[in-house]
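Results of the structural survey
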Amino acid sequence: MSGRFLFLAAVLALCILPVAPDGAAEDGKRVLHVYTWENYFAPEAIRLFEEKNDCVVDFTFYESNETMFEVLHDGGGYDVITPSGNAATALFNEGYLLRLDHSLLPNLRYLDTTSRSMALDPDMVFSVVYTVTVTGVGYNTRLVPPDAPGTWDMFSDPRLRKSMSMLNDMRETLGAALREFGFSINSTDREEIVRAGKLLGMWKRNIARFEVNGAIEALDNGSLLAVQAYNGDVANLMRTNPDIGFFVPTTGSALNLDAFVIPEDSEEPELAHAFINHFIDPAIAAMNMEYTSYYQPIPAAVEKLPQSLLDNSAFAISNETIENCELIRNLGENRELYDEVWADVLLNE
């Protein structure tokens, strides 16, 4: 996951995004429209939810918080969304989200208190923590020179020219450049952000492209050798491809607590609450984590996981690494400067 708001690339991306749902039921069943990241829910867990609630779950996918935000600006029509915490805060502040009814979420008691306290909405007024993600670099251990991994400046390595990708996500990519300079990933200092943009522009000339989902497939088939990626995506790949490794740059990275939220215009708010409650049930969360390789802060679920996943270095991020990362926060009005610098990066060769 994605960063992560208005900018030129998001507008262009709308040309290929699917049309918002119209709420039509299938075979007389209620339809729950979920707008989320790709491969973010276990099919069996979805099947169990549909069976229990006599409904159909309809998925639409996005690659970044920016494109998701744009779709909601243009009408939305969804019942559950899973944005990063900073995007969830922005959505709430702009009036897009419902306040949650905790009486419909009895499984909240299973959530780890530490993760809840880290969240941007610790009282879960409008969001419930879904996953804890760290951004790092997935790479081919057989083909990448052993001295290349280390910091974000790996993306300037001429030996890997045009064989790497970075996320198509403003906050993640500019955040990586900010951290390479030792600046905060949430900096609001114009000079620091402009410097980060110039460094990102240098990296852009050396990488193949900015993308999210396609990068993992390209890393798997060898057409890319290193990709900026979310740890869960790489952890999943490492389970089937022994040549893949993962590291979090020593200069620090982004930490995200993706969250369940319910849009204010949801046509199925009660069913949406049931969906959230379903996925924070320990048995379902364990099933889900084993499929997605994304960590959910539910201790009773983690206890059910196979040792092979717990030993996966991209899934089990150390506390030391997490302490060197920064939670991406909502920028408010300061996001306009990021939009401006990110647009310059995209437009300039």
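Residues numbered from 1 in each chain as written. Predicted model: local features only at pLDDT ≥ 70, side-chain atom pairs only at ≥ 80, totals over all residues. Heavy atoms only, no water.

1. Let's talk about the packing of aromatic side chains
All chains considered together, the criterion is met by 25 aromatic pairs. Following the ring pairs from residue to residue traces out a cluster consisting of Tyr-40, Phe-41, Phe-49, Phe-59, Phe-61, Tyr-130, Phe-260, Phe-275, Phe-279 and Tyr-294. Sitting over the face of the ring of Tyr-338, Arg-171 holds its NZ or CZ atom 5.2 Å from the ring centroid. Here the basic side chain of Arg-195 rests over the ring of Phe-181, its NZ or CZ set 4.3 Å away from the ring centre. (Phe/Tyr/Trp six-rings, centres within 6.5 Å; stacked < 30°, edge-to-face > 60°. Lys NZ or Arg CZ within 6 Å of the ring centre and 35° of its normal.)

2. With respect to helix α6 (residues 170-180)
For an α-helix the count is 3.6 residues per turn, leaving residues at separations of three or four pointing the same way. Among the eleven residues that make up α6, ten are buried, leaving the element largely enclosed by the rest of the structure. Listed in full, the buried residues belonging to α6 are Met-170, Arg-171, Glu-172, Thr-173, Leu-174, Gly-175, Ala-176, Ala-177, Leu-178 and Arg-179. Measuring from the backbone nitrogen of Arg-171 back to the side-chain oxygen at the start of α6 gives 3.2 Å, which picks out Asp-169 as the cap. Backbone geometry just after α6 places Gly-182 at a positive phi near 85 degrees. (Buried < 20%, exposed > 50% of the residue type's maximum accessible area, 1.4 Å probe, protein only. Helix = DSSP H or I, 4+ residues; strand = E, 2+ residues; numbered from the N terminus. Polar contact = N/O pair within 3.5 Å; in protein donor to acceptor, adjacent residues only side chain to side chain.)

3. What to know about unusual backbone geometry
One non-glycine residue, Asp-54, lies in the positive phi region at around 50 degrees. Here Asp-54 shows up in the loop between α2 (43-53) and β2 (55-61). Given a relative accessible area of 48%, Asp-54 falls into the partly exposed group. A positive phi angle, near 55 degrees, is found at Met-124, a position not held by glycine. Counting through the fold element by element, Met-124 comes out in the loop between α5 (113-118) and β4 (128-140).

4. Some remarks on the packing of helix α7 (residues 190-206) against helix α15 (residues 335-347)
As a packed pair, α7 and α15 sit with axes 9 Å apart at the nearest point and diverge in direction by 20 degrees. Considering their axes alone, α7 and α15 lie roughly parallel with respect to each other. Judged by the twist between their axes, the crossing of α7 over α15 is right-handed. Residues Arg-190, Ile-193, Val-194, Gly-197, Leu-200, Gly-201 and Lys-204 of α7 pack against Leu-337, Tyr-338, Glu-340, Val-341, Trp-342, Val-345, Leu-346 and Leu-347 of α15. For the contact of α7 with α15, the residue count by class is ten nonpolar, two polar and three charged. (Axes fitted to C-alpha atoms, helices over the stretch in contact; angles between N-to-C directions. Parallel < 35°, antiparallel > 145°, perpendicular 65-115°, else oblique. Left-handed = near helix turned anticlockwise from the far one by under 90°. Contact = heavy atoms within 4.5 Å. Nonpolar A, V, L, I, M, F, W, Y, C, P; charged D, E, K, R; others polar.)

5. Points about the sheet that holds strand β3 (residues 80-81)
Sheet strands associate in pairs through backbone hydrogen bonding, adopting either a parallel or an antiparallel arrangement. Taken in spatial order, the three strands of this open sheet run β2-β1-β3, and their pairing is parallel. The open sheet has two free edges, formed respectively by β2 and β3, since each of these has just one partner strand. Sheet topology note: the strand β1 (residues 30-36)/β3 ladder contains two bridges and is parallel. Counted as the bridge partner of Tyr-35 is Ile-81 from β3. Sheet strands touched by helix α10 (residues 269-279): β1, β2 and β3. Its angle to β1, the strand with the most contacts, is close to 60 degrees. (Pairing = 2+ DSSP bridges.)

6. What about the nonpolar core?
Residues Phe-41, Val-128, Phe-260 and Phe-275 are the most contacted members of the largest nonpolar core, which totals 80 residues. Leave out the neighbours within four places in its chain, and Val-128 touches Leu-100, Leu-105, Leu-108, Leu-111, Asp-258, Ala-259, Phe-260, Ile-276 and Ile-280. Counting 32 residues, the second largest nonpolar core, distinct from the first, contains Met-154, Ala-196, Leu-199 and Ile-207. (Core = buried A, V, L, I, M, F, W, Y, C linked by side-chain atoms within 4.5 Å.)

7. Overview of helix α4 (residues 85-93)
Of all nine residues in α4, seven are buried; the element is thus mostly enclosed. When α4 is considered as a whole, its buried residues turn out to be Gly-85, Asn-86, Ala-87, Ala-88, Thr-89, Ala-90 and Leu-91. Elements in contact with the buried residues of α4: α3 (65-73), α6 and β9 (254-260). Directly beyond the C-terminal end of α4, a positive phi value near 85 degrees is found at Gly-95.

Just distances and angles here, no functional claims.
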